[in-house]
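Here are the chains, one letter per residue:
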Amino acid sequence: MITVHYLGVSQSERITWLFEELGIPYKPASLKDLPGNDTGKAPFIEDSDANITLSESAAICDYVIHQYADGRLAAKPGDKHYADYLYWFHHENSNLQPAMVQAMYMRFVEDKESPTMQIMKSRFDMSMRNIDDKFKDNKWLAGEEFTAAEIMSVYSLTTQRYYTPVGLGDYKNILRWLGDCSNRDAYKRAMEKSDPEMKLLLSAEAPEKSLLETNGVTSNLWKRE
Ligand SMILES: N[C@@H](CCC(=O)N[C@@H](CS)C(=O)NCC(=O)O)C(=O)O
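Please read these numbers as outputs of a predicted model, since none were measured by experiment.

Cut-offs used in this document
Residues numbered from 1 in each chain as written. Predicted model: local features only at pLDDT ≥ 70, side-chain atom pairs only at ≥ 80, totals over all residues. Heavy atoms only, no water. Salt bridge = Lys/Arg side-chain N within 4 Å of Asp/Glu carboxyl O. Helix = DSSP H or I, 4+ residues; strand = E, 2+ residues; numbered from the N terminus. Buried < 20%, exposed > 50% of the residue type's maximum accessible area, 1.4 Å probe, protein only. Domains from an automatic or database assignment. Contact = heavy atoms within 4.5 Å. Buried area = accessible area lost by both parts, 1.4 Å probe. Polar contact = N/O pair within 3.5 Å; in protein donor to acceptor, adjacent residues only side chain to side chain. Nonpolar A, V, L, I, M, F, W, Y, C, P; charged D, E, K, R; others polar. Phe/Tyr/Trp six-rings, centres within 6.5 Å; stacked < 30°, edge-to-face > 60°. Lys NZ or Arg CZ within 6 Å of the ring centre and 35° of its normal. Near = heavy atom within 4 Å. Areas by Shrake-Rupley, 256 points an atom, 1.4 Å probe, with all protein chains shown as cover. UniProt positions renumbered as here; feature names shortened; annotations may be inferred. Axes fitted to C-alpha atoms, helices over the stretch in contact; angles between N-to-C directions. Parallel < 35°, antiparallel > 145°, perpendicular 65-115°, else oblique. Left-handed = near helix turned anticlockwise from the far one by under 90°.

Colleague: Quick one: what's the story with the pattern of salt bridges, residue by residue and with numbers?
Modeller: A full pass over the atoms with the stated rule returns 14 salt bridges. The shortest N-O distance in the salt bridge between E213 and R107 comes to 3.1 Å. Of the two residues, E213 is situated in the segment after helix 7 (185–194) and R107 in the loop between helix 3 (82–106) and helix 4 (115–134); the sequence distance between them amounts to 106 residues. Taking the relative accessible area as the measure of exposure, R107 reaches 32% and is therefore partly exposed. K121 is the salt-bridge partner of D125, the closest N and O atoms lying 2.8 Å from each other.

Colleague: Can you tell me about the domain arrangement of the protein, naming the residues and giving the values?
Modeller: Along its sequence, the protein is organised into domain 1 (2–68) and domain 2 (82–184 + 201–218). Facing 14 residues of domain 1, the contacting portion of domain 2 comprises 21 residues. A per-residue breakdown of the area domain 1 buries against domain 2 is headed by V9, R14 and W17, which together make up 45% of the total. At the surface where domain 1 touches domain 2, the tally comes to two salt bridges. The partner of R184 in a salt bridge is E21, and the shortest N-O contact between them spans 2.8 Å. Where domain 1 meets domain 2, there are five residue pairs in polar contact (both at pLDDT 80 or more). When grouped by side-chain class, the residues that make up the side of domain 1 that touches domain 2 number six nonpolar, three polar and five charged.

Colleague: Describe the packing of aromatic side chains, with residues and values.
Modeller: Aromatic rings considered in pairs are described by the distance between their centres and by the relative angle of their planes. By the definition in use, this model includes eight aromatic pairs. Centre to centre, the rings of F19 and Y26 are 5.0 Å apart; their planes meet at 35°, and the pair counts as tilted. The two residues F19 and Y26 agree in class, both being buried. Seen in terms of ring centroids, Y87 and W88 are 4.9 Å apart; in terms of plane orientation they differ by 90°. Their pairing is edge-to-face. Relative accessible area serves as the criterion here: at 4%, W88 is assigned to the buried category. Of the aromatic side chains, those joined through ring pairs into one cluster are W17, W140, F146 and Y187. R184 extends its terminal NZ or CZ atom over the ring of F146, reaching a point 3.6 Å from the ring centre.

Colleague: Go over the site of the ligand, please, and point to the residues and values.
Modeller: Taken together, the neighbourhood of the ligand is formed by L7, S10, Q11, R14, K41, A42, P43, E56, S57 and N93. A distance of 3.0 Å separates an oxygen atom of the ligand from a polar atom in the side chain of K41. Here the ligand, which alone exposes 520 Å², has 69% of that area covered by the protein.

Colleague: Got a sec to walk through the UniProt feature "domain: GST N-terminal" (unreviewed entry) in the protein? Specific residues and values, please.
Modeller: Taking the numbering used here, the UniProt-annotated feature "domain: GST N-terminal" (unreviewed entry) corresponds to residues 1–72. Annotation note: span residues 1–72, helix share 31%, strand share 25%, distance between end C-alpha atoms 19 Å.

Colleague: Any chance you could break down the packing of helix 3 against helix 5 (residues 148–157) for me, citing the residues and the numbers?
Modeller: Contact geometry of helix 3 with helix 5 gives a least axis separation of 8 Å together with a crossing angle of 15°. Comparing their axes, helix 5 and helix 3 come out roughly parallel. Between helix 3 and helix 5 the crossing geometry is left-handed. Within the contact between the two elements, helix 3 uses Y85, W88, F89, E92, N93, L96, Q97 and M100 and helix 5 uses A148, A149, M152, S153, Y155, S156 and L157. Tallied by class, residues from the contact of helix 3 with helix 5 come to 10 nonpolar, four polar and one charged.

Colleague: Can you explain the UniProt feature "domain: GST C-terminal" (unreviewed entry) in the protein? Please cite residues and give values.
Modeller: When the UniProt feature table is mapped onto this chain, "domain: GST C-terminal" (unreviewed entry) is found at residues 78–200. Between the end C-alpha atoms of residues 78–200 there is a gap of 37 Å, over a span that is 62% helix and 0% strand.

The following block contains the structure:
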């Protein structure tokens, strides 16, 4: 049995969603100080059958998909969309999430017109435009099927916006895709289990303030009304 250690309002939601999509039993548990979790971050899994512990969402997705699900939700070498799958699966933690985290801190820089800020802003805009453009002619990130690339990517454009309050009004294609992802029963189940109190950020509107400005997750900003 795999125990999924998670934190609320966090990237951990990817992993509960993964398990719900695959229909594999798992034990949800909150994150605590555990041997093997050297960075202290969530998500973190313990696989008691294999005597394995693992952090990093992308590594956990790959591990569970290939160890327990015969590669479901991943493209395989030789598949038409294999390269697309690899690109978008890794794009999240190497491009989109770092862009979101940078933008989260940019809010606190006073001189918004400085050359550094201009460069960072244009990189952020480019990253968002890149993903929106992807959905102009594509329902999903990698071909005709929903894949783990979706599971990796949704967090940055939804829950992360409690930390980086970015509106999505200029990104209609992203909004359509978020609607398709969030309509999945597995997504609904996962969010209900891992963040039952959280209002989901699925529309264009973002909170006015970041959780960094309002007492973090102890604030009421992220709670359902
Ligand atoms: N790259 C990691 C990021 C993990 C991460 O940053 N998790 C945050 C929550 S979103 C965390 O555990 N923060 C607690 C802390 O830093 O103490 C992944 O994809 O799993």
